[in-house]
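In case you want the letters, here they are:
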Amino acid sequence: MYLLQILALVFLVAIGFAVLAVVLLYLIDTTQTGDAIRRNYPVIGRFRGWFTKLGEFFRQYFFAMDREEMPFNRAQRDWVYHATKGKDNTVAFGSTRNLNIPGTPIFVNAVFPPLDDQFSVTEPMVIGPTAKLPYVARSIFNISGMSYGAISRPAVEALSRGAAEAGIWLNTGEGGLAPFHELGACDLVYQIGTAKFGIRDDQGNIDDAKLAAMGARPQVKMFELKLAQGAKPGKGGILPGEKVNEEIAAIRGLKVGQPGISPNRHREIDNFEDLLDMIVHIREVSGRPVGFKTVIGSSDDWERMFQLIAERGSESAPDFITIDGGEGGTGAAPMPLIDLVGMPIREALPRIVDLRDRYGLKERIRIVAAGKLVNPADVAWAICLGADFVTSARGFMFSMGCIQALKCNRNTCPTGITTHDPRLQKGLVVEDKYKKVANYAKAVIKEVETIAHSVGVSEPRQMRRRHVRIVQADGSSIPFSKLRPSYRGDTAT
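Just so it is clear, the model here is predicted, and its values are computed rather than measured.

S.K.: How should the pattern of salt bridges be read in this particular structure?
M.R.: When their charged atoms lie close together, side chains carrying opposite charge are able to pair. One pass over the structure, following the stated rule, counts 26 salt bridges. Arg 161 is paired through a salt bridge with Glu 431; the nearest N and O atoms lie 2.9 Å apart. Placement of Arg 161 in helix α5 (residues 153–166) and of Glu 431 in helix α15 (residues 430–455) is noted, with a sequence separation of 270 residues between them. A relative accessible area of 22% places Arg 161 in the partly exposed class. By relative accessible area, which is 46% here, Glu 431 ends up partly exposed. Overlapping salt bridges, with partners in common, bring together Glu 157, Arg 161 and Glu 431 in one network.

See below:
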């Protein structure tokens, strides 16, 4: 009897607090002037805001079909999650992919494919043959630039150790070289952003002494000059101030809490002449191969660069060009740039490949494709169109457990990948995640080799545009070699 009285009293108190809360919210809503819905519909109007914020999460788990979500659908993410386990990644019954959607790639299987003991294997490829220290890249699939600062310490460590395990390279991103990049002893590509973090002098210019010291590090195999990235072409990197702790501030040369805002372009590079001069300078000082990363607005603009290379000689050429598609992602970027600026990778890649090949630079300049390429079909498609390598950032984020919570621009990532909150970082256990990073990379490479084997070639880079068909608006498909013939003679070879 006494317990029932206590429970009744607790219930009445709870009701009282609830009524009081409703009254307070009513008074707040009716007196505020910033939200018309809450002012006209006090208390009840608040549900609209709550449902709007929660809508993306409810759709993800309860309403969206497997291939409906953006930017990555559930089928894409699930493939990555399964691949990280290092086990069989087969599926049953049939494909859930709609093969009638225009733009869908369909690979052309050989009538008489090689026998199982003639399995396709990726061969190493040399990048930067004219550099003092050329790089022999072992893997066709590698990790794209993600700065320490944009992602957390345990995430960087897991990527470093996973890259070493899988034999792939890791791009540092534009935030400089952190000690955690080197923990796994993997191959590193040092990205030089417009702020030149890590190798800059007091005026923000490249410090040759620091550049030479960075090139002397045995793990740093190449340098990538970042001109633009797919999520925000024409705008520099944005690291929110809440992510800039003491360690990140020291690496980047910032103050604690100071946002890391990079210039929208390199001040020293006003034209293609300046770009080639800068590439040659970095290569001479560092001794390493040097390339650049950019987004294509119009391929016509890039004709001038290849003309200059023809005039100056192939030694003036970049060792590689990373093409990022306009659909690329990042932790923080203005929506108009994410949505509306930059040519998609599916159009940009063949255009730049054709320019390179037309000027006879296929063996001199390697093409790296980036921009929303996370599954084996994406990678194989890029190779068919002429890419020598493919890099991915978000695919490897998924391998570490990213759930596409869309919180990268805040310090509240629930999986610990893009946050510097120790409470949230504890969820990312490096000993577990680095193995998943490696398993994902190995699974992608293996399945790309499986596609190459199916189309009848002995090495993935022997795949050509004739090996992939593209679905048209009427549901039929056309070989890509007919849609856009290459300068390598794909239709004949």
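This is not the end of the story, as more comes after the structure.
S.K.: What is the right way to read the pairing of strand β7 (residues 220–226) from this model?
M.R.: Regular strands show a simple pattern: their side chains alternate between the two faces of the sheet. Here β7 lies mainly inside the structure; 6 of its 7 residues are buried. When strand β6 (residues 187–192) meets β7, the two strands line up parallel, connected through 5 bridges. Residue pairing in the sheet places Val 189 in a bridge with Met 222 of β7. Taken together, β6, helix α6 (residues 208–216) and β7 constitute a β-α-β crossover, and its handedness is right-handed. In the sheet, β7 pairs with strand β10 (residues 290–294) via 4 bridges, with the strands oriented parallel.

S.K.: Got a minute to help me understand the sheet that holds strand β15 (residues 477–479) in this structure?
M.R.: In any sheet, the strands associate via hydrogen bonds between backbone groups, in a parallel or an antiparallel arrangement. The 3 strands lie next to each other as β1-β14-β15, forming an open sheet whose pairing is antiparallel. One side of each edge strand has no neighbouring strand; the edge strands of this open sheet are β1 (105–107) and β15. Taken pair by pair, the neighbouring strands of this sheet meet at an average axis angle of 35°, ignoring direction. Note: β1 against strand β14 (residues 468–471), 3 bridges, orientation antiparallel. Residue pairing in the sheet places Phe 107 in a bridge with Val 468 of β14. Sheet strands touched by helix α12 (residues 376–384): β1 and β14. Its angle to β1, the strand with the most contacts, is close to 80°.

S.K.: Any chance you could explain the nonpolar core here in plain terms?
M.R.: Across soluble globular proteins, you tend to see nonpolar side chains buried next to one another. In terms of nonpolar packing, the biggest core is built from 107 residues, with Met 305, Leu 349, Phe 396 and Met 463 touching the most fellow members. Sequence-distant contacts of Met 305, that is, excluding residues within four places in its chain, are made with Phe 272, Leu 275, Leu 276, Phe 292 and Ile 321. By size, the runner-up hydrophobic cluster in this structure holds 10 residues, among which are Ile 127, Tyr 135, Val 368 and Phe 389.

S.K.: Help me understand unusual backbone geometry, please; the structure alone is not making it clear to me.
M.R.: The phi angle of most residues is negative, glycine excepted, and most peptide bonds adopt the trans form. Of note in this structure, Val 43 is not a glycine but carries a positive phi near 70°. Inspection of the secondary structure puts Val 43 in the loop between α2 (36–40) and α3 (46–63). In this structure Val 43 comes out as buried when scored by relative accessible area, which is 17%. Unlike most non-glycine residues, Lys 196 shows phi in positive territory, near 55°. Examined against the element boundaries, Lys 196 turns out to sit in the loop between β6 and α6.

S.K.: Sorry if this is basic, but what is going on with the side chain of Asp 388 here?
M.R.: Mapped onto the elements, Asp 388 comes out in the loop between α12 and β13 (389–392). Overall, Asp 388 belongs to the buried group, its relative accessible area being 4%. With sequence-adjacent residues up to four places away left out, Asp 388 is seen in contact with Met 125, Ile 140, Arg 356, Ile 365, Arg 366, Ile 367, Ile 383 and Arg 461.

Criteria and thresholds
- Residues numbered from 1 in each chain as written.
- Predicted model: local features only at pLDDT ≥ 70, side-chain atom pairs only at ≥ 80, totals over all residues.
- Heavy atoms only, no water.
- Salt bridge = Lys/Arg side-chain N within 4 Å of Asp/Glu carboxyl O.
- Helix = DSSP H or I, 4+ residues; strand = E, 2+ residues; numbered from the N terminus.
- Buried < 20%, exposed > 50% of the residue type's maximum accessible area, 1.4 Å probe, protein only.
- Pairing = 2+ DSSP bridges.
- Right-handed = clockwise from strand over helix to strand, strands pointing away.
- Axes fitted to C-alpha atoms, helices over the stretch in contact; angles between N-to-C directions.
- Contact = heavy atoms within 4.5 Å.
- Core = buried A, V, L, I, M, F, W, Y, C linked by side-chain atoms within 4.5 Å.

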